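Summary of the model geometry
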Amino acid sequence: MTREAIFEELTEIFRDIFDDEEIELTDETTAEDIEDWDSLEQINLLVAIEKKFSVKFQLSDVNGLANVGDMVSLVQRLVG
Amino acid sequence: MSILDYPFDSALILQKKKKLKKELLLKEGLIEKKIAILSGSTIGEVQNILELFLLNYGIKPVFYQGQYARYYEDLMFDDGALKDFAPDFIYIHTTAKNLENLPLPTDSAEDVNAKLNSEFAKFKACYEKALGFGSIVIANNFEKPFYRMYGNKDAVVPQGVVNYTTRLNLMIADFAAAADNFYVNDIDYLSTLAGLDNWFNLESWYLYKYAVSVDRIPELAFSLAKIIKSALGKNKKSVICDLDNTLWGGVIGDDGVEGITIGNEQPAGMSYTEFQAYLKKLTGLGIMLNVCSKNEEAIAKKGFTDRKEAPLNVDDFICFKANWEPKHQNIANIAKEINIGEDSFVFIDDNPVERDIVRNSLAVTVPEVSCPEDYIKAIDRAGFFEITAFTKDDAKRNEMYKQNAQRAQAQASFGDYKDYLLSLDMSSEIGAFSAAHSERITQLINKTNQFNFTTRRYTQGEVDAIVADKENYISAYAKLVDKFGDNGITQLFIASVEDKTATIDLWVMSCRVFKRHFEFAMFDYFVKQCAARGIATVKASYLPTAKNVIIKDFYEELGLTLVKEEDGAKYYTYTIPADYKNKNEVIKMEEV
């Protein structure tokens, strides 16, 4: 799966969860850039991503996620 | 259908929760309730998703969230914050992760007993403390452990955590059975339905201290919402069933009574038989059954009378509408005849077109059902009839409504309405609220919508406070008996007394005793109580809702004076005349 395709799916998930159609994601987007992105929503994002791409994250996968770029790389690694 | 209706897509709910909340908050007539959540693990989404399900039931929660994992301290050593919040409900979200004293293989049986007793004592202390706030208390029982030291034998030996949890859950069940206002949220069953490996996952626990997997939180929250709406009297009351391919297989008009599929001879027959048996059991809980089917009535009834394998009989139904009128008209008529709101019905029909028409034209709930083997699940899991309080009156409800049908027939033979009422040979026990009746009183207050002037809801704690305070309240319950049977407690009255003025806070009457002059009997009693206290001034109000239009002008009929009208709300005063003449002439009163 291309990074572009993953970005597209992630954008939809982010827009749903934060109920904000204006969200645009880049590799550098972090929790600092989205007002409601707290630890609780981080969990929701991960659960929604797992569901969307039919993948299962391990403890070590999600501990070091610094930004959206990391998320995309993680998904790409798992779905191949 | 809302995406919050069973069967729901949990992932979709979690993902769309913000948007859903915005939409639900636009609903009209939401009732506000204060809910404290005290937890042994992360609450987070539990509260957010519970809010959605409650809003879907018309309940707007205001939350108080305890500190993370400090349910015990929050309850036992409340600094006044919880008390000040005055919760209507307290939810104690504890799970197997909060069992601190689990048995070990090195324990003796006596050691395990001691651990179990002290574990239970700790939770019991919390439950009792929570009940002391006068709230309705809901607590989880405990799910099974995710590993078993003894394998299958874990269920057998006292040192096994499976065995230990089973015993603890039974102790909690016994406590709940004996306590008023305490309900168990059965996560042992929920986790079984979900599968333990789905219900709990270690990643969520290690990372975020969620004791329930995030994607299972909607199921947990839905279960809680069902208990809360039931305690607030928002259960459904009645099922309306189609017949052909719903209660039996085939079309009785075409296939003939011998051609329909029912009974345990074939697999399809078994599914219909089991569904009928399920409905029959529902009647034991006071749920009323009705038929609405496009059929010839005489032929349709043969499906029950001539097929002995059918668990249901014709007289299990209150209304039997088998004709060729549109179904939504028949259903509207059933609602009128039984005299309960359309939104108290669940309609089961195999035909998607009929379901759609009924759903779009009436407030009736119409579950999506695809095949007979799913019918039971569609009713059961949706929790339409979630039981919290179950009173003797509930058990007798079907009988009472059947008697009402007989009364309607008797009425037809009288020219003068008063003669008819006298012929009913009515008598009523009336008296101030008492502790013995407070459960039924609370239930009736919270579920009555039509004859209800103020639509004020009371918790059992508030009712108990009125029972205890005879000085500042005039309260009354009334039972009604007639020659066809006992209707039980069907009318309630609360007035608060201040400076020789009585203000009617609440007056409700069950719809099944409308038009019997029973309301006059209550007013007479109230006047008498006022006189005994030297009160001559009465204040009253009518606050309009979507459902109480029927009594809009009732206070005028009683002779009260309208002093103010504002947005449909009406405010009255009344000076009790020295020569007040009793308005009830048809019911024999017995004051207790």
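Quick caveat: nothing in here was measured; it's all calculated off a predicted structure.

1. Observations regarding the packing of helix 12 (residues 267–284) of chain B against helix 16 (residues 372–380) of chain B
If you want to describe how two helices pack, look at the angle between their axes and the distance between the axes. Residues and elements named next belong to chain B. Viewed as axis vectors pointing N to C, helix 12 and helix 16 meet at an angle of 25°, and their least axial separation amounts to 8 Å. As summarised for this structure, helix 12 and helix 16 are arranged roughly parallel, according to the angle between their axes. In terms of crossing hand, the pair formed by helix 12 and helix 16 is left-handed. Here Ser-271, Tyr-272, Glu-274, Phe-275 and Tyr-278 of helix 12 come into contact with helix 16, specifically with Pro-372, Glu-373, Tyr-375 and Ile-376.

2. Examining the interface of chain A and chain B
With 13 residues of chain A at the contact, the number on the chain B side is 14 residues. Every element with two or more residues in the side of chain A that touches chain B is listed here: helix 1 (3–17), helix 2 (39–53) and helix 3 (59–63) of chain A. If you tally residues by element for the side of chain A that touches chain B, the top one is helix 2 of chain A, at six residues. Its residues assigned to classes, the side of chain A that touches chain B shows nine nonpolar, one polar and three charged.

3. Focus: the nonpolar core
Residues and elements named next belong to chain B. Formed by 81 residues in total, the largest nonpolar core has its most connected members in Phe-53, Ile-138, Ala-221, Leu-224 and Ile-228. By residue number, the principal contributor to this core is helix 10 (residues 217–231), which donates nine residues. Counting residues in each nonpolar core, the second largest holds 44 residues, with Cys-241, Ile-252, Phe-320 and Tyr-401 among its members.

4. Section: the confidence of the model for chain B
Residue and element names in this part refer to chain B. For chain B, the mean per-residue pLDDT works out to 93, and 99% of the residues sit at or above 70. Per-element mean pLDDT across chain B ranges from 73 in helix 17 (residues 392–395) up to 98 in strand 3 (residues 89–93). Here the prediction assigns the complex a pTM of 0.78, and the interface score ipTM is 0.87.

5. Observations regarding unusual backbone geometry
Residues and elements named next belong to chain B. Residue Pro-7 is bonded to the preceding Tyr-6 through a cis peptide linkage, with omega at -5°. Note on placement: Pro-7 falls in the segment before helix 1 (10–24). The phi torsion at Asn-181 lies on the positive side, around 65°, for a residue other than glycine. Within the element layout of this structure, Asn-181 appears in the loop between helix 6 (161–178) and strand 5 (182–185). Classification of Asn-181 by C-beta neighbours within 10 Å gives buried; the count is 22.

6. Quick look at the sheet that holds strand 1 (residues 31–39) of chain B
Residue and element names in this part refer to chain B. Read from one edge to the other, the open sheet built from five strands follows the order 2-1-3-4-5, with strand pairing classed as parallel. The outermost strands of the open sheet, each flanked by one partner alone, are strand 2 (59–65) and strand 5. Within the sheet, the average angular offset between the axes of one strand and its neighbour, ignoring direction, is 25°. Strand direction decides the pairing type here: strand 1 and strand 2, joined by seven bridges, are parallel. When the bridges of strand 2 are listed, Ala-36 appears paired with Tyr-64. Together, strand 1, strand 2 and strand 3 form the strand contacts of helix 2 (residues 45–56), whose direction differs from that of strand 2 by roughly 160°. The strands that helix 10 touches are strand 2, strand 3, strand 4 (136–140) and strand 5; relative to strand 5, the one it contacts most, it runs at about 155°.

7. Section: the sheet that holds strand 8 (residues 317–323) of chain B
Residue and element names in this part refer to chain B. The sheet built from four strands is open, its strands ordered 8-7-6-9 with parallel pairing. In the strand order of this sheet, the two ends are held by strand 8 and strand 9 (345–348), each with one partner. Strand after strand, the sheet turns through a mean of 15° between neighbouring axes, direction not considered. Sheet topology note: the strand 7 (residues 288–294)/strand 8 ladder contains six bridges and is parallel. Bridge pairing in strand 8 links Val-291 to Phe-320.

Cut-off values and rules
Residues numbered from 1 in each chain as written. Chains lettered and ligands numbered in written order. Predicted model: local features only at pLDDT ≥ 70, side-chain atom pairs only at ≥ 80, totals over all residues. Axes fitted to C-alpha atoms, helices over the stretch in contact; angles between N-to-C directions. Helix = DSSP H or I, 4+ residues; strand = E, 2+ residues; numbered from the N terminus. Parallel < 35°, antiparallel > 145°, perpendicular 65-115°, else oblique. Left-handed = near helix turned anticlockwise from the far one by under 90°. Contact = placed C-beta atoms within 7 Å. Nonpolar A, V, L, I, M, F, W, Y, C, P; charged D, E, K, R; others polar. Core = buried A, V, L, I, M, F, W, Y, C linked by C-beta atoms within 7 Å. Buried ≥ 20, exposed ≤ 12 C-beta atoms within 10 Å, placed from the backbone. pLDDT = per-residue confidence, 0-100. Pairing = 2+ DSSP bridges.

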